[in-house]
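Residue-level structural notes
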Amino acid sequence: MQNLEENFWQKIHLYKDISNEQWQDWKWQIANRITSLNELKQIIPIKNEEDFLKISEIFHFGTTPYYISLINPNDENDPILKQILPDIKEIDEKYQEGAFLDPFLEDVKSPVPGLTHRYPDRVLFRATNFCSVYCRHCMRKRMFLEDERARTKEEYDAMFEYIRNNKSIKEVLISGGDPLTLPNKKIEYILKNLYEISHIDVIRIGSRELVVNPYRFYDEKLLQLFEKYDKVWLITHFNHPNEITSETKKAVKNILSTGTPVLNQTVLLKGINDSKETIENLMRDLLKVKIKPYYLFQCDPTKGVYHFRTPLEVGLEIMEYLRGRLSGLGIPTFAVDLLGGLGKVPVLPNYIIEKNEDYIVFRNYENKTVKVKI
Ligand SMILES: *Cc1c(COP(=O)(O)O)cnc(C)c1O
Ligand code: SF4
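Residues numbered from 1 in each chain as written. Chains lettered and ligands numbered in written order. Predicted model: local features only at pLDDT ≥ 70, side-chain atom pairs only at ≥ 80, totals over all residues. Heavy atoms only, no water.

The name an unreviewed UniProt entry assigns to the chain is L-lysine 2,3-aminomutase, from the organism Sulfurihydrogenibium yellowstonense SS-5. Per UniProt, the chain carries the Sequence similarities (unreviewed entry) text "Belongs to the radical SAM superfamily. KamA family." (UniProt positions renumbered as here; feature names shortened; annotations may be inferred.)

The following block contains the structure:
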């Protein structure tokens, strides 16, 4: 967790004259995103400018001023820097073997453009392909190749129509891109339409704004929408303890005050968070700000992302380490999303050592065993 000082951004030369009001305005954060090498260089030393230009031309680059202000500019291995800085490995053929642009066939298992219907009771609703930060490890990196745009009202209407006609759908997962980068009016249009479908119980918003632009949740109007359309759950995406700050805490407090639960999905990323201690600290810090860890994912076999993948054992060892050491509230489900759109499967260390018709031998986190009659 990073404790930020008052006006912490003014230490960065580029932001020395930025007032509290500007900095804490989510729209200012998005309007002043850093998207070019020239701006980036003023904040962080860039070693290989040619590589930066070459890669960012293919998979575009962008960050909010807030998110980049959390980086230690003197550390080239900074875990936040590594999530935003283009790396030549993204286009190096060596790292593309076994990787796919759309590993989960989201665009194939799609009854209407923008919707993916993989499980009977839930549907994925991609509202926009725009993000205020482009994470290098994004599982939907294929959308970096498209022009940035939100879907049109007509596209949304076709998506609502499909959901309205399929009563088995109980939950809509609004994702993107980042849906909370949309203006409130558009968000209200989506929430209102989904809320009015009586078989929809849960509207899950998947957004990274809490991580990269917590000021989004200082916006009264958005908070009112969450309160009004009260089927909303927020799922966010913190990957490292350095991303959790005093601003996060304030933002989460605002969200919880609307009756909206906040959960988190983390992706295991090589060289960023693939250690037991980092994940333990992350989960502890999430609990401190009242976010419930939901999933810990094996990094997906997506083109341009493969160099972040860790062996499955790394995740299993982390899960083994967490159990017994950390409150059950802080333990996420470790999961792998299966190729070909087969869905997510949980993966656990094995706690059953022996099993037959009469008894089971269990082990606990300390490797003590006990025989239990069935
Ligand atoms: C991940 C995902 C979901 C949600 O799965 P949960 O296990 O409920 O979090 C739904 N649809 C698609 C297409 C997904 O990729
Ligand atoms: S915010 Fe989410 S959708 Fe956008 S680039 Fe990051 S991981 Fe991908």
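This part is about the site of ligand 1. The environment of ligand 1 is made up of Thr 116, Arg 118, Tyr 119, Arg 122, Leu 124, Leu 173, Arg 204, Tyr 294, Tyr 295 and Lys 344. Interatomic distance of 3.1 Å between a side-chain N/O atom of Arg 118 and an oxygen atom of ligand 1. Summarising the interface, the protein chains cover 91% of the accessible area of ligand 1, which totals 390 Å² for the free molecule. Secondary-structure elements contributing two or more residues to the shell around ligand 1 are β1 (115-119), β2 (122-126) and β7 (292-297). Partitioned by chemical class, the residues of the shell around ligand 1 number five nonpolar, one polar and four charged. (Near = heavy atom within 4 Å. Polar contact = N/O pair within 3.5 Å; in protein donor to acceptor, adjacent residues only side chain to side chain. Areas by Shrake-Rupley, 256 points an atom, 1.4 Å probe, with all protein chains shown as cover. Helix = DSSP H or I, 4+ residues; strand = E, 2+ residues; numbered from the N terminus. Nonpolar A, V, L, I, M, F, W, Y, C, P; charged D, E, K, R; others polar.)

The subject of this paragraph is the sheet that holds β7. Read across the sheet, nine strands follow the order β1-β2-β3-β4-β5-β6-β7-β8-β9 without closing on themselves; strand pairing throughout is mixed. A single partner strand is all that each edge strand has here, and the edge strands are β1 and β9 (343-346). On average, adjacent strands in this sheet sit at an angle of 25 degrees to one another, irrespective of strand direction. Across three bridges, β1 lies against β2 in antiparallel orientation. When the sheet's bridge partners are listed, Thr 116 is paired in β2 with Leu 124. (Pairing = 2+ DSSP bridges. Axes fitted to C-alpha atoms, helices over the stretch in contact; angles between N-to-C directions.)

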